[in-house]
Amino acid sequence: MRPPTLLPLAAAALLVLAAAPTPAASRHHRPAQAADTETLDVAASLSRARAALSTDAASLHQSAAAGKPKRRSPRPREGASSLTLRLHARDFLPGEQGRHESYRSLVLSRLRRDESRAAAVAARAALAADGVTRMDLRPANASTVFAASAAAIQGPVVSGVGQGSGEYFSRVGIGSPARQLYMVLDTGSDVTWVQCQPCADCYQQTDPVFDPSLSASYAAVSCDSPRCRDLDTAACRNATGACLYEVAYGDGSYTVGDFATETLTLGDSQPVGNVAIGCGHDNEGLFVGAAGLLALGGGPLSFPSQISATTFSYCLVDRDSPAASTLQFGDGAAEAGTVTAPLLRSPRTSTFYYVAMTGISVGGQPLSIPPSAFAMDAASGSGGVIVDSGTAVTRLQAAAYAALRDAFARGTPSLPRAPGVSLFDTCYDLSGRTSVEVPAVALRFEGGGALRLPAKNYLIPVDGAGTYCLAFAPTNAAVSIIGNVQQQGTRVSFDTAKGAVGFTPNKC
């Protein structure tokens, strides 16, 4: 079966916690105002980068299996108290080790996938602003393709990268009894799905493919169900009246199959029943060993929406670390040091989470960037700034990026420059350095809040020899994206009831 050509959906998210940098003396002159600089621990970040190629992922798999929750009887979603899920970075999933001969090769692979991801998010946002839906783009042969074929919840997250493949993964129990499967976590998707037997065409995954016939809680969704009508692209199986779904991604990845309800178990939380998911029998693409995707977007079929969770949060850990952090659903205690900003929603698409960003400062000085560079058009939803778990590198409109790059370069006159790498044009040779002082970078939001980034979240290694690059990139798209490299080590929370996004540093 050939995949239909539809709008790109954003891919997913597992998250790995970065080790805290250790104090070290800088070998470079410290600017007059120390408060306007950040220390980059070069030795520690290079050590993590080199270890990323050799860390044994088997221990991660065994740890996740050991944390498998005990069997419980499902209870209504209204009675659930909390859900917590552990997150892991993609490059530490079983089977991912040994794919790259060098750290530079690993970085280049990440950046190639990230370009596809960022383009997919930007294209979908732009088409929505133009009033074009995925149904409008449904191909003429789609019917043939289909005929053939408020609780609080928390869990672990693991890091991954790429369009379709997702940046971060978690272990999720599917069915009754629960089968533990690696699932991509994605704030830019609305349909949760898993590969299912029988497979007409399934890609290789780490775990055995889910068999719905072995689950006591599996139930097909009918064509006349409101849930079926909520799908962007759906069809009806003529013989049974069952709902069929299809999701296509911008890189050619896709999933097609039956739409059903199932029981999901996240971490040690109570099972959650009657969750609508896709049971994909025909799947293809860059999903990198994951069994499927846990959709965290803002649409009516996303997991948070189905469990009536108006709040959830995650912490993205360093992609070069095998550690894990958590994804949590439900109200959490207010944390000191949280930077809060308005959560904005596009009038044309409910999937993405936009934040009211107003500017950037470098070295403590606000940059001369017009507010229009970050503003969303109230009528069309064009522009704005999306907080995305699946995009790695933050994208800024070209003029905003140039202002950031130039200010950062002026603040690092003593650091030796290096040639650009892939989408990075501002790079440095830090070989032989233990640590360096660099200008502080902060994202500013409506209401006066400012998220000051640690140096390791914007000056990152691109090889094992000490080449570091400024981890921002320009875009010609109307929309900007705050990527997960800049989110690492920060708990990002979304409160759809209060319309707020929170950023809490060092709370993984």
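Given the structure is predicted, the values throughout are model-derived calculations rather than measurements. (Residues numbered from 1 in each chain as written. Predicted model: local features only at pLDDT ≥ 70, side-chain atom pairs only at ≥ 80, totals over all residues. Heavy atoms only, no water.)

Visitor: What's the story with the overall build of the protein in this structure? I'm lost.
Guide: What the protein contains, in helices and strands, is eight helices and 31 strands. The burial tally for the protein puts 60% of its 508 residues in the buried class. Accessible surface, the protein as shown: approximately 18300 Å² in total, 52% of it carbon and sulfur. (Helix = DSSP H or I, 4+ residues; strand = E, 2+ residues; numbered from the N terminus. Buried < 20%, exposed > 50% of the residue type's maximum accessible area, 1.4 Å probe, protein only. Areas by Shrake-Rupley, 256 points an atom, 1.4 Å probe, with all protein chains shown as cover.)

Visitor: I'm lost on the sheet that holds strand β22 (residues 427-429) in this one. Help?
Guide: Sheets are built from strands paired through backbone hydrogen bonds, the pairs being either parallel or antiparallel. Strand order across the open sheet formed by four strands is β21-β22-β27-β26, with antiparallel pairing between neighbours. At either margin of the open sheet sits one strand with a lone partner, and together these are β21 (417-418) and β26 (459-461). As paired elements, β21 and β22 share two bridges and run antiparallel to each other. If you follow Arg417 over to β22, its bridge partner there is Tyr428. (Pairing = 2+ DSSP bridges.)

Visitor: I keep staring at the packing of aromatic side chains and nothing clicks. Help me out?
Guide: Each aromatic ring pair is specified by the distance between its two centres and by the angle formed by the two planes. A complete count under the given rule lists 10 aromatic pairs for this structure. These aromatic residues form a ring-pair network of at least three members: Phe303, Phe312, Tyr314, Phe329, Tyr353 and Phe494. Over the ring of Tyr428 we find Arg417, and its NZ or CZ is 5.2 Å from the ring centre. (Phe/Tyr/Trp six-rings, centres within 6.5 Å; stacked < 30°, edge-to-face > 60°. Lys NZ or Arg CZ within 6 Å of the ring centre and 35° of its normal.)

Visitor: Explain the state of the cysteines here, please?
Guide: Disulfides are covalent bonds that link the sulfur atoms of two cysteine residues. The tally for this structure, following the rule as stated, stands at six disulfides. Shown here is the disulfide that connects Cys196 with Cys279, its sulfur atoms set 2.0 Å apart. The S-S bond linking Cys196 to Cys279 shows a torsion near -120 degrees; that makes this disulfide left-handed. One end of the pair, Cys196, is in the loop between β6 (193-195) and β7 (219-220); the other, Cys279, is in strand β11 (residues 272-284), with 83 residues separating them in the sequence. Taken as a pair, Cys196 and Cys279 share a single burial class, namely buried. (Disulfide = S-S within 2.5 Å.)

Visitor: Whenever I open this one, the environment of Lys498 confuses me. Can you help?
Guide: Along the chain, Lys498 falls in the loop between β30 (490-495) and β31 (500-505). On a C-alpha basis, the gap between Lys498 and Thr311 in space is 9.1 Å, while along the polypeptide they are 187 residues apart.

Visitor: Which parts of the structure should I look at to understand the side chain of Asp463?
Guide: By the element assignment, Asp463 lies in the loop between β26 and β27 (467-470). For the buried Asp463, no salt bridge exists, and the shortest N-O distance to an oppositely charged side chain is 4.2 Å, to Arg104. Engagement of the side chain of Asp463 in a polar contact is seen with the backbone nitrogen of Ala465, the distance being 3.0 Å. Here Gly466 takes part through its backbone nitrogen, which lies 3.1 Å from a polar atom of the side chain of Asp463. Once residues within four sequence positions are removed from consideration, Asp463 is found in contact with Leu46, Tyr103 and Arg104. (Lys, Arg positive; Asp, Glu negative; His and termini not counted. Salt bridge = Lys/Arg side-chain N within 4 Å of Asp/Glu carboxyl O. Polar contact = N/O pair within 3.5 Å; in protein donor to acceptor, adjacent residues only side chain to side chain. Contact = heavy atoms within 4.5 Å.)

Visitor: Teacher, can you tell me more about the UniProt feature "active site" (unreviewed entry) in the protein here?
Guide: Here the UniProt-annotated "active site" (unreviewed entry) positions come out as Asp186 and Asp388. A stretch of 203 residues holds the annotated residues, and the largest C-alpha distance among them is 8.0 Å, short enough that they meet in one place. Considering the arrangement of structural elements, one finds Asp186 in strand β5 (residues 179-186). The buried category is assigned to Asp186, whose relative accessible area is 0%. Looking at Asp186, its side chain comes within polar contact range of the side chain of Arg117, at 2.9 Å. The residue Asp388 is located in the loop between β19 (385-387) and β20 (394-397) in this model. Not counting residues within four places of it along the chain, the set of residues in contact with Asp388 comprises Arg117, Val121, Asp186, Thr187, Gly188, Tyr314, Ile481, Ile482, Gly483, Asn484 and Gln487. In terms of polar contacts, Asp388 uses its side chain to reach the backbone amide nitrogen of Gly390, at 3.4 Å. (UniProt positions renumbered as here; feature names shortened; annotations may be inferred.)

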